[in-house]
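# Overview (structure and organization)
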Amino acid sequence: MKFINWVTHPSYDIPLPLKHRFTSSKFSDLFTKLQGLDLINSATLNSPSKANEDELSVGHCINYISRIKSGSISKKEERKLGLTWSPELSNRSFLAVNGTLLTAKLAIENGIACHLAGGTHHAQYNFGSGFCVFNDLAYTSIHLLKRRMVKKILIFDCDVHQGDGTANILADNPNVFTCSIHSRKNFPVIKANSDLDIELEDEIGNKKYQDIIEHTIKRCVNFFQPDLVLYDAGIDVHVNDQLGRLNINDEGCLSRDLFVLSYLKKHSIPVATVIGGGYSKDRIELANRHSIIFRAAHEVYS
Ligand SMILES: [Zn+2]
């Protein structure tokens, strides 16, 4: 059996009050879940180092980066972010961007790699939003292009919310194609312009959703011919998610991920996956849902 490269870090969890909508332990819960499924192998388990301020400035305003580092963001900025600043939040934010970059590099070498975090797609150039401090997808894309590791990147974002920060930061970058498939009525109220936005109506259900996913990934790959895909496998599309509206169940999420990965494998396009959004008070259930993309990766690539 071939083990897939996973990327994680013991400092990913975010200290938050229990009543907070964001489950603070979800990153370590997911790690424990994958261990339980026997999908983690120490030889293919990787950890990022922290990005420095200079590295982060390719996608974010240096003043904003410094304020996150020092904890000098305002109460208003914290409200927009949806998280209270803490040294742990700052630390994990500088780690997680490099986690996605490391995942992408491992994907380029091995065809697939999966990050046990990432998908912080609401983070904008000079402010955080919707639980997202820094934009790992934009950061990773810009670094890979700068280092000439790839020429064209497709960001295929299936989180239930639009990847508005990614779309804005990369708006003028012709070498990254941003595609967001999201719920029309969900956050953010004012949408950005991705290169391709597919807006879904409430209660769409597995069958229609799957048809749209299949059609859209084919369309993006045929049109743009990427040499790397960053896949945001958000599971807040799930019927039991606190923020989901689409009526997709476990089978629907698994079927989506299996198709996307199989299609990219068939076309020999490397793919780096990130977990994206997922909101539930039931920690076990949430870890189970986030494990779907890892189970799909294991099934397609092992
Ligand atoms: Zn989301």
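See above for the structure.
All figures in this text were calculated on a predicted structure; none of them were measured in a lab.

## Some points on the overall build of the protein
Regarding its fold elements, the protein presents 11 helices and 8 strands. Taking 19 Å as the expected radius of gyration for a compact globule of 302 residues, we find that the protein reaches 17 Å, a close match to that expectation. Dimensions of the protein, computed from C-alpha atoms along their principal axes, come out at roughly 45 × 45 × 40 Å. Relative to its 302 residues, the protein shows a buried fraction of 60%. Total accessible area computed for the protein in this model is approximately 12,300 Å², and 51% of it derives from carbon and sulfur atoms.

## Comments concerning the packing of helix α8 (residues 205–224) against helix α9 (residues 250–266)
To describe two helices that pack against each other, one gives the angle between their axes and the distance between the axes. Relative to each other, α8 and α9 sit at 20°, their axes nearing to 10 Å. Accordingly, the angle class assigned to the pair α8 and α9 is roughly parallel. In the packing of α8 onto α9, the handedness of the crossing is right-handed. Contacts between α8 and α9 involve N206, Y209, Q210, I213, E214, I217, K218, V221 and N222 from the former and E251, G252, S255, R256, F259, V260, Y263 and L264 from the latter. For the contact of α8 with α9, the residue count by class is 8 nonpolar, 5 polar and 4 charged.

## Quick notes on the packing of aromatic side chains
Enumeration over the complete set of coordinates arrives at 12 aromatic pairs. Look at W6 and F294: their rings are 5.1 Å apart centre to centre, the planes differ by 70°, and that puts the pair in the edge-to-face class. Note that W6 is positioned in strand β1 (residues 5–7) and F294 in helix α11 (residues 292–301), a separation of 288 residues in sequence. Look at W6 and you get buried, because its relative accessible area is 0%. The exposure class assigned to F294 is buried, which follows from its relative accessible area of 0%. Clustering of aromatic rings is evident, with ring pairs tying together Y12, F22, F27, F131 and Y279. A cation sits over an aromatic face here: K26 above Y279, 5.5 Å from the ring centre. In this structure, K152 packs its charged tip against the face of F224, placed 5.2 Å from the ring centre.

## What about the environment of N98?
Structurally, the position occupied by N98 is in helix α5 (residues 87–110). Residue class for N98 comes out buried when judged on its relative accessible area of 10%. Linking N98 and V7, residues 91 residues apart in sequence, is a C-alpha distance of 9.9 Å. Setting aside its immediate chain neighbours within four residues, N98 contacts P48, S49, K50, A51, E55 and Y139.

## Comments concerning the sheet that holds strand β5 (residues 176–183)
Where strands meet in a sheet, backbone hydrogen bonds hold them as pairs that are either parallel or antiparallel. Reading across from one edge, β2-β1-β3-β8-β7-β4-β5-β6 is the order of the 8 strands in this open sheet, with parallel pairing throughout. Two strands close off the open sheet at either side, each with one partner strand: β2 (45–46) and β6 (196–200). The sheet strands contacting α5 are β1, β2, β3 (112–115), β7 (228–232) and β8 (271–274), and the helix crosses β3 at an angle near 165°.

## Comments concerning the side chain of H290
With respect to the helices, strands and loops of the structure, H290 is situated in helix α10 (residues 283–290). Owing to a relative accessible area of 1%, H290 belongs among the buried residues under this scheme. Within polar-contact distance, the side chain of H290 engages the side chain of K26 at 3.0 Å. Ignoring any residue separated from it by four or fewer positions in sequence, one finds H290 in contact with K26, L30, I235, I275, G276, G277 and G278.

## Here we look at the side chain of T140
Its place among the elements puts T140 in helix α6 (residues 136–146). A distance of 3.2 Å separates a polar side-chain atom of T140 from the backbone nitrogen of L101. Those residues in contact with T140 that sit more than four places away from it in its chain are V97, T100, L101, A104 and L230.

## Concerning the coordination of the zinc ion
Each protein donor to the zinc ion is listed here as D159 (OD), D159 (OD), H161 (ND1) and D236 (OD); together their distances run 1.9 to 2.8 Å. When the donor residues of the zinc ion are listed from N- to C-terminus, their spacing reads D-x1-H-x74-D. Of the two residues, H161 is situated in the loop between β4 (153–157) and α7 (164–169) and D236 in the loop between β7 and α9; the sequence distance between them amounts to 75 residues. Each member of the pair, H161 as well as D236, carries the same accessibility label: buried.

Calculation criteria
- Residues numbered from 1 in each chain as written.
- Predicted model: local features only at pLDDT ≥ 70, side-chain atom pairs only at ≥ 80, totals over all residues.
- Heavy atoms only, no water.
- Helix = DSSP H or I, 4+ residues; strand = E, 2+ residues; numbered from the N terminus.
- Rg over C-alpha atoms; globule rule 2.2 N^0.38 Å.
- Buried < 20%, exposed > 50% of the residue type's maximum accessible area, 1.4 Å probe, protein only.
- Areas by Shrake-Rupley, 256 points an atom, 1.4 Å probe, with all protein chains shown as cover.
- Axes fitted to C-alpha atoms, helices over the stretch in contact; angles between N-to-C directions.
- Parallel < 35°, antiparallel > 145°, perpendicular 65-115°, else oblique.
- Left-handed = near helix turned anticlockwise from the far one by under 90°.
- Contact = heavy atoms within 4.5 Å.
- Nonpolar A, V, L, I, M, F, W, Y, C, P; charged D, E, K, R; others polar.
- Phe/Tyr/Trp six-rings, centres within 6.5 Å; stacked < 30°, edge-to-face > 60°.
- Lys NZ or Arg CZ within 6 Å of the ring centre and 35° of its normal.
- Pairing = 2+ DSSP bridges.
- Polar contact = N/O pair within 3.5 Å; in protein donor to acceptor, adjacent residues only side chain to side chain.
- Donors = N, O, S within 2.8 Å, 3.2 Å for Na, K, Ca; no water.

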